[in-house]
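Architecture at a glance
Residues per chain are reported as follows:
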Amino acid sequence: MSRDVRKGVTQGASFLTNISDYSWFGHSTALPQSLQMAAMQAREEEKPDIRSTNTGVTAIISPEGKIQDKLPAYVRGALNGKISPRKGKTPFGEYGDWPFLIGSFLVLTILRVGWKDYQLLHLRRKKSK
């Protein structure tokens, strides 16, 4: 889902919106978790998010990921509020997971080389005894 959001922002979206049917989640922890994920995406992209759900949590989320207003799950109602659309892209919006993946690969490579050096050093010490 994050890839789709980044694609929309790359194409010029100034706010995020999500209209969803969460009835299949039932009474589970997925409803608040979905709201938390939406707040994180709003923060990643620095765009406000408007969420409308039939059984989940309907909310307005600020670009900082703060929930400005919400309706509780399983409550019928309307939510009125204002957002300030934002232009531009964040580094995450521009590059996605690539910096993290490259950094992880480099760290793992360094650890692997270090482990091999440690094993060689340990073998040399055993042989010299």
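So, here is what we can say about the structure in this document. (Residues numbered from 1 in each chain as written. Predicted model: local features only at pLDDT ≥ 70, side-chain atom pairs only at ≥ 80, totals over all residues. Heavy atoms only, no water.)

Digging into a nonpolar patch on the surface
Taken together, the side chains of Trp98, Phe100, Leu101, Ile102, Phe105, Leu106 and Ile110 present a nonpolar region at the surface, about 840 Å² in accessible area. Assignment of secondary structure puts Leu106 in helix H4 (residues 98-128). Its relative accessible area of 46% is what places Leu106 among the partly exposed residues. (Patch = residues over 30% accessible without salt bridge, like charges linked within 9 Å, V, L, I, M, F, W, Y side chains within 5 Å. Areas by Shrake-Rupley, 256 points an atom, 1.4 Å probe, with all protein chains shown as cover. Salt bridge = Lys/Arg side-chain N within 4 Å of Asp/Glu carboxyl O. Helix = DSSP H or I, 4+ residues; strand = E, 2+ residues; numbered from the N terminus. Buried < 20%, exposed > 50% of the residue type's maximum accessible area, 1.4 Å probe, protein only.)

Points about the environment of Lys116
Tracing the chain through its elements places Lys116 in helix H4. Classification of Lys116 as partly exposed rests on a relative accessible area of 45%. Through-space distance from the C-alpha of Lys116 to that of Ala78 is 62 Å; in sequence the pair is 38 residues apart.

A word on the nonpolar core
Leu35, Ala38, Ala39, Ala42, Val57, Ala59 and Ile61 form the largest nonpolar core, which has seven residues in total. Elements supplying a minimum of two residues to this core: helix H2 (30-45) and strand S3 (58-61). Ranked by residue count, the leading element in this core is H2, at four residues. Discounting chain neighbours no more than four positions away, the residues touching Ile61 are Leu35, Ala38, Ala39, Ala42, Pro48, Asp49, Arg51, Lys66, Ile67 and Gln68. (Core = buried A, V, L, I, M, F, W, Y, C linked by side-chain atoms within 4.5 Å. Contact = heavy atoms within 4.5 Å.)

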